[in-house]
Amino acid sequence: MKIRIENLDKIYKNGKRALFNVNLEIENGMFGLLGPNGAGKSSLMRILVTLMKPTDGVVSVNGFDLQKNRGEIRRMLGYLPQDFRFFTKLKTWEFLSYAAGLSGISNKKERSEKVDEWLDKVGLFDVRDRSANKLSGGMKRRLGIAQALIGDPQIIIVDEPTTGLDPEERIRFRNILSELSQKDVIIILSTHIVGDISSVCKDLALLNKGEVGFKGSPEELINKTKGHVWQVTTSGFEYEMLKEKYAIISTIPAEDGWEVQLVGDKLDVKNKVEIEPNLEHAYVYFMEYLTNKNSF
Ligand code: ADP
């Protein structure tokens, strides 16, 4: 599977430019799309799932143009939107069976097996006879996951994957996705939470104000941040100055002041120790770089 995004622009009717010359190539495995709120992630996702047309640019899936082959591409897609809502009188299993039917599983026996399998996978088997409307928020989210995945889609798009899930559910969902990522599928996770981009993401792109600021592996991003992350023991006035000048990642009370982790260039303070960056440091550093146009 291969998705190619070329020179994509989206300008809304009110003149708001949500995407600016986006170019990406996405191959099998898990791909993380990371950026703050308002970066343009949902706009890009909506274009990819053919719910919205771009203003300019081309998206192709395995060489097929997204606009010209909407039907074919829709059948390959499983989409879990950020605000998955439904209004239905159906029971939980009926809802899932309906979704399975829509995704093309017409054989009754196969459908019923798939429904049971997915009810079990997302932990809804015990509530299968409950009206889908009466499920709790987390359960509805899990039903959303099941309806997106029941048709064995080859392209799975998940907007803000952990919204509404408790920690245990997050782990379960992550495991489902990482199991799926071993197959011939593309999984795109769009999120503003660095922790959602787990180690299974082979590649990621950082989006900020509609522009791709980085594309590559998480390791590459982390490597680019080496030499820019510091731990400083500080207090009082100097701490205030650091807050003004640098992006603070964490502050822990120390014996006489604070132990602060921060990212920045040319750090002009004593008592500093360079530390190994992680993905969160790298993300903060990159966002600072993108917004302030500092150089690496
Ligand atoms: P994200 O998903 O990263 O939070 P969005 O794609 O939702 O970002 O939004 C990107 C930008 O486009 C934001 O400034 C947002 O306000 C704007 N935007 C989103 N949808 C619309 C719309 N329908 N009309 C006008 N502006 C929009």
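Heads up: the structure comes first, above all this text.
Taken in spatial order, the four strands line up as β2-β1-β4-β5 in an open sheet, and their pairing is antiparallel. Single-partner strands in this sheet number two, and they are β2 (17–27) and β5 (64–65). The sheet contacts of helix α1 (residues 41–48) involve β1 (2–11), β2 and β4 (56–61), and relative to β1 the element is tilted by about 120°.

Moving on, we get to the pattern of salt bridges. Per the stated rule, a full pass over the model turns up nine salt bridges. A salt bridge links Glu 25 to Arg 4; the shortest N-O distance between them is 3.2 Å. Placement of Glu 25 in strand β2 and of Arg 4 in strand β1 is noted, with a sequence separation of 21 residues between them. Accessibility expressed as a relative area gives 42% for Glu 25, which makes it partly exposed. Relative accessible area serves as the criterion here: at 32%, Arg 4 is assigned to the partly exposed category. Put simply, Glu 117 and Lys 121 hold a salt bridge, and the shortest N to O gap is 3.4 Å. Pair noted here: Glu 117 and Lys 121 are both in helix α4 (residues 108–121), with a separation of four residues, about one helical turn. By relative accessible area, Lys 121 is classed as partly exposed at 29%. Within the structure, one salt-bridge network assembled from shared partners comprises Lys 2, Arg 4, Glu 25 and Glu 27.

In terms of strand pairing, β1 meets β4 through five bridges, oriented antiparallel. By the bridge assignment for β4, Arg 4 is matched with Ser 60. Sheet analysis places β4 next to β5, joined by two bridges and oriented antiparallel. Looking at the pairing, Ser 60 lines up with Asp 65 of β5.

Running from N to C, helix α5 (residues 137–149) and helix α6 (residues 167–180) point in directions that differ by 5°, and their axes come no closer than 12 Å. Relative to α6, the element α5 lies roughly parallel. Between α5 and α6, the residues in contact are Gly 138, Arg 142, Ile 145 and Leu 149 and Glu 169, Arg 172, Phe 173, Ile 176 and Leu 180, respectively. Of the residues that constitute the contact of α5 with α6, the class distribution is five nonpolar, one polar and three charged.

What follows concerns the site of the ligand. Contacts to the ligand come from 13 residues, most closely from Gly 38, Gly 40, Lys 41, Ser 42 and Ser 43. Contacts to the ligand include Gly 38, whose backbone N or O atom sits 2.6 Å from an oxygen atom. When isolated, the ligand has an accessible area of 550 Å², and the protein chains bury 67% of it. A total of four residues in the shell around the ligand trace back to one element, the largest contributor, which is α1. Split by residue class, the shell around the ligand holds four nonpolar, six polar and three charged.

Another point: the pairing of strand β6 (residues 77–80). A two-sided burial pattern is seen for β6, the buried positions comprising Leu 77 and Tyr 79 on one face and Gly 78 and Leu 80 on the other. Bridge count between β6 and strand β7 (residues 155–159): four bridges; the pairing is parallel. Looking at β7, one finds that Leu 80 is bridged to Val 158.

Here is what the cut-offs are and how they apply
Residues numbered from 1 in each chain as written. Predicted model: local features only at pLDDT ≥ 70, side-chain atom pairs only at ≥ 80, totals over all residues. Heavy atoms only, no water. Pairing = 2+ DSSP bridges. Helix = DSSP H or I, 4+ residues; strand = E, 2+ residues; numbered from the N terminus. Contact = heavy atoms within 4.5 Å. Axes fitted to C-alpha atoms, helices over the stretch in contact; angles between N-to-C directions. Salt bridge = Lys/Arg side-chain N within 4 Å of Asp/Glu carboxyl O. Buried < 20%, exposed > 50% of the residue type's maximum accessible area, 1.4 Å probe, protein only. Parallel < 35°, antiparallel > 145°, perpendicular 65-115°, else oblique. Nonpolar A, V, L, I, M, F, W, Y, C, P; charged D, E, K, R; others polar. Near = heavy atom within 4 Å. Polar contact = N/O pair within 3.5 Å; in protein donor to acceptor, adjacent residues only side chain to side chain. Areas by Shrake-Rupley, 256 points an atom, 1.4 Å probe, with all protein chains shown as cover.

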